[in-house]
Structure formats: C-alpha cells, structure tokens
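Topology and contacts: notes
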Amino acid sequence: MKPLGVWRIVSLQRDWVPTADDIGANVGLLCFPIRDGQVGEPFTTVAKNLVMSGIPSPVPYRRRHAFCQTRCDKNSFRVVSYNLLADVYAAMESSLKELFPYVPAEFMKIDYRRQLMKQELVGYNADLMCLQEVDTKHFEHHFLRYFRRHGYDGAVQRKKGAVAEGVATFYRKDKFRLVSQHDITITDAMFENPVFAEMAAAVSGKAKLKESIMERGTPAQVTVLEDLQDPSRVLVLANTHLWYRPTFPHVRLLQMAVILGHIEGVVKLTKKSLNLARDPAVLICGDFNSTSARGVHDLLRTGSISANFKEWKEFCEKEDEYVELSLQHPFRLFSACGEPAFTNFVPQFQAAIDWIYADESALESTSVIPLPTLEEVSANVAIPSVVFPSDHLAIGCDLKWKS
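The notes below deal with the structure included here. This one's a predicted model, so the numbers in the text were calculated from it and none came from an experiment. (Residues numbered from 1 in each chain as written. Predicted model: local features only at pLDDT ≥ 70, side-chain atom pairs only at ≥ 80, totals over all residues. Heavy atoms only, no water.)

Moving on: the pattern of salt bridges. Taken as a whole and judged by the stated rule, the model has 23 salt bridges. One salt bridge connects Arg8 with Asp22, and the closest N-O pair in it is separated by 2.7 Å. Of the two residues, Arg8 is situated in the segment before β1 (28–31) and Asp22 in the segment before β1; the sequence distance between them amounts to 14 residues. With its nearest N and O atoms 2.7 Å apart, the salt bridge here joins Lys97 to Glu93. Of the two residues, Lys97 and Glu93 both sit in helix α3 (residues 93–99), four residues apart, roughly one turn of that helix. (Salt bridge = Lys/Arg side-chain N within 4 Å of Asp/Glu carboxyl O. Helix = DSSP H or I, 4+ residues; strand = E, 2+ residues; numbered from the N terminus.)

Written as structure tokens, this is what we have:
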C-alpha cells in the first residue's frame, strides 16, 4: 500500500459507492480479523484498477424501478426472470469479435457488467428471482453474498458438462420458507425416470436425435416454497434455460415435456408430504429460446401436443432425427407477462424468448414491469451496452394468490 498519510477512510461498512471525486484514485481495503474477541494481524490489499467514471445517465432500468418502489402486499409476490449473459461466453474472443463487436471492450468486462446486474436486480424489489447463465464462481463469490445482505437466499444449479454456468433461484426469506429442492438435468431425467420411459424408448430408437439430446446438459431447477403468511399457499417454482439452436424446436419440446412431467411429480409429492388440501401452485420461468408461436408455448398453454405436430420434423431431413409423440400435462398455465415485443435484442435477432408461466388455478397477474423502449435498447446499436449488462432483458410481474 501507499505510505501512511496518503490514504483516507471512505467507509467503515461492507458497501461503498464511489463519487465523482474518487475517479482516478486507487482503492485499498484494510481488514482486521477478529475471533473470540482477539484481533489478529491486519490484512491490506489494493484493487488492480483505478476508480472509473460511473454509469451514464439515464439508465433505463431506473425508469423500470419507478414501478417497483414498493414491495408487494401479503397476498401477492413479485417475480423476475433474467438471463445474465454468462462471462464464460461474453469473454470469449469469438463473442467480442462476432456477436458483440458494437460493444466497447470495457463494458463487456464482468466487473463492470456485474455491478449493473446487482443494482438492476435489487431495484426491482422482487420476492423471487430466477436467473439464467449464472457463472458458478460469480454466484458463490458475488451474487449469493450480495443478495443475502438484501434479505434473500438462493442456490445455483450448474449446467452438466464442462461449462461452468447454470441457473440460480433466489427468494426473500421474509416472504417464503424453503421446503425442498428437486433439481434435475433434463437428459438424465428423460432416460432415468420411469415416468418418461415411453419418450426415452422412442428417442433411443433415433440415433441422431439421441445424440443431439445426450450432448445437452440443460438444467431444470425446481424449488418448493411455502408462503410465510399462509402455509396453505405453496409454490413449485421451476427455472430453466432450454437449448438455443433455432433448428431444434422439437428438442425444446421434449425438454419442456420432461420439465412439466417432473413438476407434476413434485406437485403430488409436496401435496402429500405437507398434507395440503389443494395442489401447490406452479410457476415456470426462464429462457425458453422459443417465441410465442412455437410449440413449447402451445404445450404450456393448451396442455397437449399431438403426434402429427408440425415441429416434430420441421427442420429434419432424416428419419433418425425426430420422433412423433403425443405430449400432455395437467396444468392450466398462462404467460404472466403477456406477449413482450422482445426480450433478446442483438443486431441479428430481436424477439421475446424469455418467459414466466403461472398457474391460472391459483394465481393472477396484477402488474407487469414495463420493458425498455425500442429507442432505449437500440441507442447503442443493440444490447449489451454501457447501460445494459446482458443481451437479454429482465422480465417481471406481480402475481396475486387467488382465494
């Protein structure tokens, strides 16, 4: 560190927000370890980077925060879903050169984007947050610690395979009690759970299709939560990120069918174990990589897909690339945020692919957090940008329990 006398104390708290007067300065940290009343040797460290200018104004998410200044009442809760754009992808040279060449390098760095993410998310005053593309190391070292200080708890489910990212779910501890966790890797569930034996047998008979599915480590994080105000209100919350390839809608259909089948089992198990008079409510959030016209939504909204549905072989050229199955589920689900114009906005693609589906039998949507305008997301060509940390937008709504 610099010699004594050069430094000034700016905070004695765990959080510190620099001001314009701090731009260009070094930031140092001085810690005194304490155990059983004994103070150990102090530890000092200095940040590698100097304090930079702050986020330019206006920041679009602050306009969105104006609709979330108060928390929901005891009969409602607010849920937000957000694909954060994992650093394992954003930092790749191919991403910087091919996907996001319009973004200055300093605004793609995770140290910059993470601050935007945290400020944006906490400003929504949500009771539930479902996040996708969460770097597992950043979850442990940054997100979990930060959100715990703001009254949340949560967990991450890593995507199976070599890539260290996954989905994370947070809940407010003064609103919900964690009952149980039922996470799955969709491919494993498809071939190991007897509920999906017919699907597994059909897929196993199609070599190319099975190969495509086996390569996917897609997670489905399923959390059971109890409302602290009314223990009879129980929520089965699913958070997922379906496969992205545009020419594989049939695989996404199978993935969603497995999620729904797994949720059905969790609902039955939870109802029995908690001795509930009615089924727990179902809530499904995530990046479905599917626009509203696609079969994933037909399945969610109508409860069934026929064996002759067009998407089974829409992009397939050979017999071993697809199956034709009838799918069904027992839930009555609706899009709680309606039909957004877009949730993913890059030069080559703008569409709504992030969704929140709620149980119509138990929940009603009373308010939707407005999305940024077209002018806001295109002000710097597209997103990410200096004021948008991801190529996706957060979506959110208030849901009220039906009596």
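Bringing the sheet that holds strand β21 (residues 395–401) into the picture now. What the six strands build is an open sheet, ordered β7-β8-β6-β5-β21-β20; its pairing is mixed. Looking along the sheet, the strands with just one partner apiece sit at the ends: β7 (152–158) and β20 (363–368). Taken over all neighbouring pairs, the strand axes of this sheet differ in orientation by 25° on average, direction set aside. (Pairing = 2+ DSSP bridges. Axes fitted to C-alpha atoms, helices over the stretch in contact; angles between N-to-C directions.)

We now examine empty space enclosed by the protein. For the structure shown, the criterion picks out three cavities of 30 Å³ or more. Its boundaries defined by the atoms lining it, the largest cavity holds a volume of some 60 Å³. Along the walls of the largest cavity sit Pro60, Tyr61, Arg64, Tyr82, Glu120, Pro372, Val387, Phe388, Pro389, Leu393 and Ala394, which together make up its complete lining. Element by element, the count of residues in the lining of the largest cavity is highest for helix α1 (residues 60–65), at three residues. For the lining of the largest cavity, a count of residues per class yields nine nonpolar, no polar and two charged. (1 Å grid on protein atoms, 1.4 Å probe; cavity = no way out; pocket = protein on both sides within 12 Å on 5 of 7 lines; lining within 4 Å. Points joined across faces, edges and corners; volume = space filled by probe spheres on them. Nonpolar A, V, L, I, M, F, W, Y, C, P; charged D, E, K, R; others polar.)

This paragraph deals with unusual backbone geometry. Omega for the bond connecting Ile383 with Pro384 falls within 30 degrees of zero, at 10°, which places this linkage in the cis form. Within the fold, Pro384 resides in the loop between α11 (374–378) and β21. With a phi close to 55°, Asn125 is a non-glycine residue in the positive phi region. Relative to the helices and strands, Asn125 resides in the loop between α4 (110–123) and β6 (128–135).

Summed over all chains, the structure comprises zero disulfides. A disulfide-free cysteine, Cys337 has its sulfur positioned 4.0 Å from the sulfur of Cys397, the nearest such atom. On the accessibility criterion, Cys337 (12% relative accessible area) is buried. Judged by its relative accessible area of 0%, Cys397 is buried. (Disulfide = S-S within 2.5 Å. Buried < 20%, exposed > 50% of the residue type's maximum accessible area, 1.4 Å probe, protein only.)

Taken as a whole, the second largest pocket spans an internal volume of roughly 1100 Å³. Counting residues per element, the lining of the second largest pocket draws most heavily on α3, at three residues. When its residues are assigned to classes, the lining of the second largest pocket shows 14 nonpolar, 13 polar and ten charged.

Further remarks concern a nonpolar patch on the surface. On the surface, a nonpolar cluster with roughly 420 Å² of combined accessible area is contributed by Leu30, Phe32, Ile34 and Val39. Here Phe32 lies in the loop between β1 and β2 (34–35). (Patch = residues over 30% accessible without salt bridge, like charges linked within 9 Å, V, L, I, M, F, W, Y side chains within 5 Å. Areas by Shrake-Rupley, 256 points an atom, 1.4 Å probe, with all protein chains shown as cover.)

Tallied over the entire structure, the rule returns 13 aromatic pairs. Note on Phe139 and Phe170: the rings are 5.6 Å apart at their centroids and 35° apart in plane angle, and the pair reads as tilted. Note that Phe139 is positioned in helix α5 (residues 136–149) and Phe170 in strand β8 (residues 165–172), a separation of 31 residues in sequence. The exposure classification of Phe139 matches that of Phe170, with both residues buried. Three or more aromatic residues link up through ring pairs in this structure, and these residues are Phe139, Phe143, Tyr146, Phe147, Tyr152 and Phe170. For the cation-ring pair, Lys118 lies above Tyr146, with the distance from its terminal atom to the ring centre recorded as 4.7 Å. When the ring centre of Tyr322 is taken as reference, the NZ or CZ atom of Lys206 above it lies at 5.1 Å. (Phe/Tyr/Trp six-rings, centres within 6.5 Å; stacked < 30°, edge-to-face > 60°. Lys NZ or Arg CZ within 6 Å of the ring centre and 35° of its normal.)

Taking 1.5 Å per residue as the helical rise, α5 with its 14 residues ought to reach 20 Å, and the 19 Å between its terminal C-alpha atoms agrees with that figure. In the structure, α5 departs most strongly from a straight axis at Phe143, where the bend amounts to approximately 35°. Where the residues of α5 are buried, they touch α2 (87–90), α4, β6, β7 and β8. Positive phi shows up at Gly151, right after α5, with a value of about 95°. (Expected span 1.5 Å × (residues − 1). Bend = angle between axes of the 7 residues up to and from the residue. Contact = heavy atoms within 4.5 Å.)

Think of two packed helices as two axes; the pair is described by the angle between the axes and how far apart they sit. Contact pair α4 / α5: the axes reach a minimum separation of 11 Å and the direction vectors enclose 30°. When the axis of α4 is compared with that of α5, the two are roughly parallel. Handedness of the crossing formed by α4 with α5: right-handed. Residue-level inspection shows Ile110, Arg114, Met117, Lys118, Gln119, Leu121 and Val122 of α4 in contact with α5, the latter providing His138, His142, Phe143, Tyr146 and Phe147. Split by residue class, the contact of α4 with α5 holds seven nonpolar, three polar and two charged. (Parallel < 35°, antiparallel > 145°, perpendicular 65-115°, else oblique. Left-handed = near helix turned anticlockwise from the far one by under 90°.)

What follows is about helix α7 (residues 197–204). Considered for burial, the residues of α7 that qualify are Met199, Ala200 and Val203. Projection of α7 onto a plane perpendicular to its axis shows the buried side chains occupying an angular sector of 100°, all on one side. The outward face of α7, more than 90 degrees from its buried face, is lined by the exposed residues Glu198 and Ala201. In this structure, the buried side of α7 is in contact with α6 (186–192), α8 (207–214), α9 (249–273) and β15 (327–328). (Arc of directions from axis to C-beta.)

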